[in-house]
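Below, each chain spelled out in residue letters.
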Amino acid sequence: MATYPNISETKNLIKQLVSIPSPSGNTDNVISFIEDVLNDLQIEHKRNKKGGLIATIPGENEKEHRMLTAHVDTLGAMVKEIKRDGRLRLDLIGGFTYHSIDGEYCEIETSAGTIFTGTILHHETSVHVYKNARDAKRNQENMEVRIDAKVENAEDVRALGIEVGDFVSFDPRVEITENGFIKSRHLDDKASVAMLIQLMKRIKDEKLSLPYTTHFLISNNEEIGYGGNSNIPPETVEYLAVDMGAMGDGQSTDEYTVSICVKDASGPYHYGLRKNLTALAEENHIGYKLDIYPYYGSDASAAIRSGHDIIHGLIGPGIDASHAYERTHEDSLKNTEQLLYHYIQTKQVDI
């Protein structure tokens with residue numbers, strides 16, 4: 001398999017991206033980071049009113065366009081309640097479970113921009129005090145944030161500037177191993193964002209002539225369901241979401257190939273585009289797996305639901321333990337990057 005020469009760059013970029021807190025609803029800092037990268041590459045871009053970012057590279061055909069998207073927003077939480085004992089109750093942002101963040105370090109960002117650290121814990125964590133510490137449910141009622149500050153009551157917390165509605169982000173705990181694994185929260189979907197940035201850089205470095213004007217949407221509301229359902233130019237024919245491949249029992253997806261989704265909870269993806277992607281992978285000796293994601297929806301499916309007349313597809317790197325402490329391997333990144341590279345240079349599906 002031909003490999004993309006800058007996989008180390010991709011991994012370093014992933015590390016940078018996951019280290020910038022960006023729960024859905026609070027993504028300005030990471031969007032600004034990407035804007036700086038695109039400015040350096042001299043790629044035209046603009047923000048939409050939702051705060052996402054759209055980059056455009058002109059192609060030979062200006063009447064029919066392509067659009068690729070990946071989302072930079074992540075799971076997170078908001079302060080739901082300041083409890084009498086000075087702990088915080090949370091309200092979750094995105095579809096994940098409380099047990100996946102039990103014991104996780106976090107940051108609370110006040111509306112003034114002040115950052116406080118803390119730990120997400122079950123109220124009855126201490127086994128030396130609570131008889132049911134091992135078995136008590138992990139839910140909104142029982143989980144709380146222990147703030148790293150001298151607070152004994154709600155008044156002490158409010159004196160710090162912390163209030164209901166403040167954003168809470170989770171420590172990514174990113175680690176890149178010597179044998180090619182990347183372990184971190186928020187690989188969904190910052191791994192794909194990094195690959196789209198690398199793809200745009202490769203287009204510029206190699207002075208590629210694209211067959212169609214191509215847009216790259218860095219969406220910022222995917223985890224809450226509507227990141228990619230607008231700002232799609234009317235000339236767009238094909239719309240490809242680049243998002244994580246779901247792994248687990250009964251799944252084909254692994255951490256070493258690119259996953260091509262044939263169906264998720266929204267229904268089948270476009271059959272013609274799927275066959276084109278599969279043929280491209282085989283022609284270029286790219287490792288891939290076809291798969292169905294049973295509890296999943298992408299920005300491409302959001303675009304279809306919102307009424308856009310487009311051909312839609314979904315591919316991405318295989319990621320283990322989605323919406324928890326995730327992991328993938330550089331081989332999956334390489335295969336995904338290679339498929340994207342060849343895809344943007346090919347003819348669109350015949351209508």
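As a reminder, the structure under discussion sits directly above these lines.
Residues numbered from 1 in each chain as written. Predicted model: local features only at pLDDT ≥ 70, side-chain atom pairs only at ≥ 80, totals over all residues. Heavy atoms only, no water.

### Focus on the side chain of Asp73
- Mapped onto the elements of the fold, Asp73 is located in the loop between strand E3 (61-71) and strand E4 (76-82).
- Lacking a salt bridge, the buried Asp73 has Lys190 as its closest oppositely charged neighbour, with an N-O distance of 9.0 Å.
- Within the structure, the side chain of Asp73 is placed 3.1 Å from the backbone nitrogen of Glu222, a separation counted as a polar contact. (Helix = DSSP H or I, 4+ residues; strand = E, 2+ residues; numbered from the N terminus. Buried < 20%, exposed > 50% of the residue type's maximum accessible area, 1.4 Å probe, protein only. Lys, Arg positive; Asp, Glu negative; His and termini not counted. Salt bridge = Lys/Arg side-chain N within 4 Å of Asp/Glu carboxyl O. Polar contact = N/O pair within 3.5 Å; in protein donor to acceptor, adjacent residues only side chain to side chain.)

### Comments concerning the side chain of Thr56
- Of note, Thr56 is situated in strand E2 (residues 53-57).
- Thr56 gets classed as buried once you look at its relative accessible area, which sits at 16%.
- Reaching out from Thr56, the side chain makes a polar contact with the side chain of His215 at a distance of 2.8 Å.
- Beyond its immediate sequence surroundings of up to four residues, Thr56 is in contact with Ile43, Glu44, Thr213, Thr214 and His215. (Contact = heavy atoms within 4.5 Å.)

### So, the pattern of salt bridges
- Counted by the stated rule, this structure contains 19 salt bridges.
- The partner of Arg47 in a salt bridge is Glu35, and the shortest N-O contact between them spans 2.8 Å. One end of the pair, Arg47, is in strand E1 (residues 44-47); the other, Glu35, is in helix H2 (residues 28-41), with 12 residues separating them in the sequence.
- Under the relative-accessibility criterion, Arg47 is labelled partly exposed at 32%.

### Here we look at the sheet that holds strand E10 (residues 175-176)
- Ordered by their spatial adjacency, 3 strands build an open sheet running E10-E11-E19, and the pairing between neighbours is antiparallel. Strands with a single pairing partner mark the edges of an open sheet, and in this sheet they are E10 and strand E19 (326-329).
- Pairing geometry for E10 and strand E11 (residues 181-184), over 2 bridges, is antiparallel. When the bridges of E11 are listed, Ile176 appears paired with Ile182.
- Where helix H4 (residues 187-205) meets the sheet, its contacts fall on E11 and E19, and the angle it forms with E19 comes to roughly 30 degrees.
- Helix-sheet contacts for helix H7 (residues 330-343) involve E11 and E19, and the interaxial angle to E19 is about 65 degrees. (Pairing = 2+ DSSP bridges. Axes fitted to C-alpha atoms, helices over the stretch in contact; angles between N-to-C directions.)

### Examining the packing of helix H1 (residues 7-18) against H4
- In contact at an axis separation of 9 Å, H1 and H4 are set at 130 degrees when each is read in the N-to-C sense. Classified by the angle between their axes, H1 and H4 sit oblique to one another. Here the hand of the crossing between H1 and H4 comes out right-handed. Seen from H1, the contacting residues are Glu9, Thr10, Leu13, Ile14, Leu17 and Val18; seen from H4, they are Leu187, Lys190, Ala191, Val193, Ala194, Met195, Ile197, Gln198 and Lys201.
- Broken down by class, the residue content of the contact of H1 with H4 amounts to 10 nonpolar, 2 polar and 3 charged. (Parallel < 35°, antiparallel > 145°, perpendicular 65-115°, else oblique. Left-handed = near helix turned anticlockwise from the far one by under 90°. Nonpolar A, V, L, I, M, F, W, Y, C, P; charged D, E, K, R; others polar.)

### Quick look at the packing of aromatic side chains
- For the structure shown, the criterion picks out 3 aromatic pairs.
- Each ring, one from Phe181 and one from Tyr256, has its centre 6.3 Å from the other, and the planes form 70 degrees; the classification is edge-to-face. Residue Phe181 is located in strand E11, and its partner Tyr256 is located in the loop between strand E14 (245-246) and strand E15 (258-264); the two are separated by 75 residues in the primary sequence.
- Measuring from centroid to centroid gives 4.8 Å for Tyr293 and Tyr296, while their planes differ by 50 degrees, and the two rings are tilted.
- On the basis of relative accessibility, which here comes to 12%, the residue Tyr296 falls in the buried class.
- Taking NZ or CZ as reference, Arg202 lies 3.4 Å from the ring centre of Tyr341, over its face.
- Positioned above the aromatic ring of Phe181 is the side chain of Arg327, whose terminal nitrogen or guanidinium carbon lies 4.0 Å from the ring centre. (Phe/Tyr/Trp six-rings, centres within 6.5 Å; stacked < 30°, edge-to-face > 60°. Lys NZ or Arg CZ within 6 Å of the ring centre and 35° of its normal.)

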